[in-house]
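Working through the structure, step by step
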Amino acid sequence: MRIKGTAVRSVLEGIEAAYGANALARVKAALPPAVRAEIEPSVLASKEYGVGVNAALHDAVSEVLGAGSIAANRRVGAEAARIDFRGVYSVFLRVADYETLLRRLDRAFRQYNSQGHVTWEEIRPGRAQGRIDGVEGFTEPMWHAIAGRLEALLVLAGAKRATTTVESWSSKHCAFLARWTP
């Protein structure tokens, strides 16, 4: 499975935005040498990177910044969403309602990932239950970063607050529950 360089770059930028340049340097230092060599001196937006690069980044965020918890991954994911959906991509957030926003996430997900799909079992006011299936190599910290991204997207689209709970996950899928206050 491959992930676009823009997604990898926004994770790195999200680390720096959330925790500072020193934290980004510490995360990079904690990466396996082969992964560090792939992202330094810079990440190319148009290049596709193996899912292992993103997994190693999120694992290092969890260990270095989160002391083994996934809280830092959620924060980095939220910052990465703010970075990804600024400027020209902000049009994605200008939709008539939350259901339209959520239904468009499948297309957005496929812009960054070579495989996988976002589906929704239920969408109702202030609540949505969904899944991401068909991926390979995703880790728990990656899923929580995606949960943080979803929370930030809902807020960027106008919600007063949002929370996303990872209900179950494996390396190939994740089930989650999003709740928000319009």
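Let me begin by describing the structure that accompanies this report. Each chain has its residues counted from 1, following the order in which its sequence is written. Thresholds applied to this predicted model are a pLDDT of at least 70 for local features of residues and 80 or more for the giving and counting of side-chain atom pairs; totals over whole chains, interfaces and linings are not thresholded and use all residues. Each side-chain value is worked out from all heavy atoms of the structure, with water and hydrogens disregarded.

**A word on the sheet that holds strand β5 (residues 161–169)**
At least two DSSP bridges between two strands are required for those strands to pair. Working definition: helices are DSSP H or I runs of at least four residues, strands are E runs of at least two. Numbering for both runs from the N terminus. If you walk across this open sheet you meet the 4 strands as β3-β4-β6-β5, and the pairing is antiparallel. The open sheet is flanked by β3 (117–124) and β5, the only strands paired with a single partner. Each adjacent strand pair in this sheet contributes to an overall mean axis angle of 20°, direction not counted. Summarising the sheet, β5 and strand β6 (residues 173–181) pair through 8 bridges and their orientation is antiparallel. If you follow W169 over to β6, its bridge partner there is C174. With respect to the sheet, helix α6 (residues 98–112) is in contact with β3, β4 (127–133) and β6, its orientation differing from that of β3 by roughly 170°. Here, two residues are considered to be in contact whenever any of their heavy atoms come within 4.5 Å of each other. Think of each axis as a best-fit line through the C-alpha atoms, taken over the contacting stretch in the case of a helix, with angles from 0 to 180 degrees between the N-to-C directions. Along the sheet, helix α7 (residues 140–156) makes contact with β3, β4, β5 and β6, crossing β5 at roughly 155°.

**Thoughts on the side chain of R127**
On the secondary structure map, R127 appears in strand β4. Polar contacts, as counted here, are pairs of nitrogen or oxygen atoms within 3.5 Å of one another; within protein the pair requires one atom able to donate a hydrogen and one able to accept it, and residues that are adjacent in sequence qualify only if both atoms are side-chain atoms. A distance of 3.2 Å separates polar atoms of two side chains, one belonging to R127 and the other to E122. Not counting chain neighbours up to four residues away, the residues in contact with R127 comprise E122, L177, A178, R179 and W180.

**Topic: the packing of aromatic side chains**
A pair of Phe, Tyr and Trp rings is counted when the ring centres sit within 6.5 Å of each other, with Trp represented by its six-membered ring. The angle between the planes then sorts it: under 30 degrees is stacked, over 60 is edge-to-face, the rest tilted. For the structure on display, the rule yields 3 aromatic pairs. Consider the rings of Y98 and W180, whose centres lie 5.4 Å apart with planes at 45°: the pair is tilted. Here W180 lies in strand β6 and Y98 lies in helix α6, a separation of 82 residues in the sequence. With respect to class, Y98 is no different from W180; both count as buried. The interplanar angle of 85° and the centroid separation of 5.5 Å between the aromatic rings of W120 and F176 together place this pair among those described as edge-to-face. Highlighted residues: W120 in strand β3 and F176 in strand β6, separated in sequence by 56 residues. Take W120 and F176: they sit in the same class, and that class is buried. The criterion for a charge sitting over a ring is simple: Lys NZ or Arg CZ within 6 Å of the ring centre, and within 35 degrees of the ring normal. Directly above the ring of Y19 sits R75, whose terminal nitrogen or CZ lies 4.4 Å from the centroid. When a residue's accessible area, from a 1.4 Å probe over protein chains only, is under 20% of the maximum for its type it is buried; when over 50% it is exposed; and in between it is partly exposed.

On their own, these measurements won't tell you what the molecule is for.
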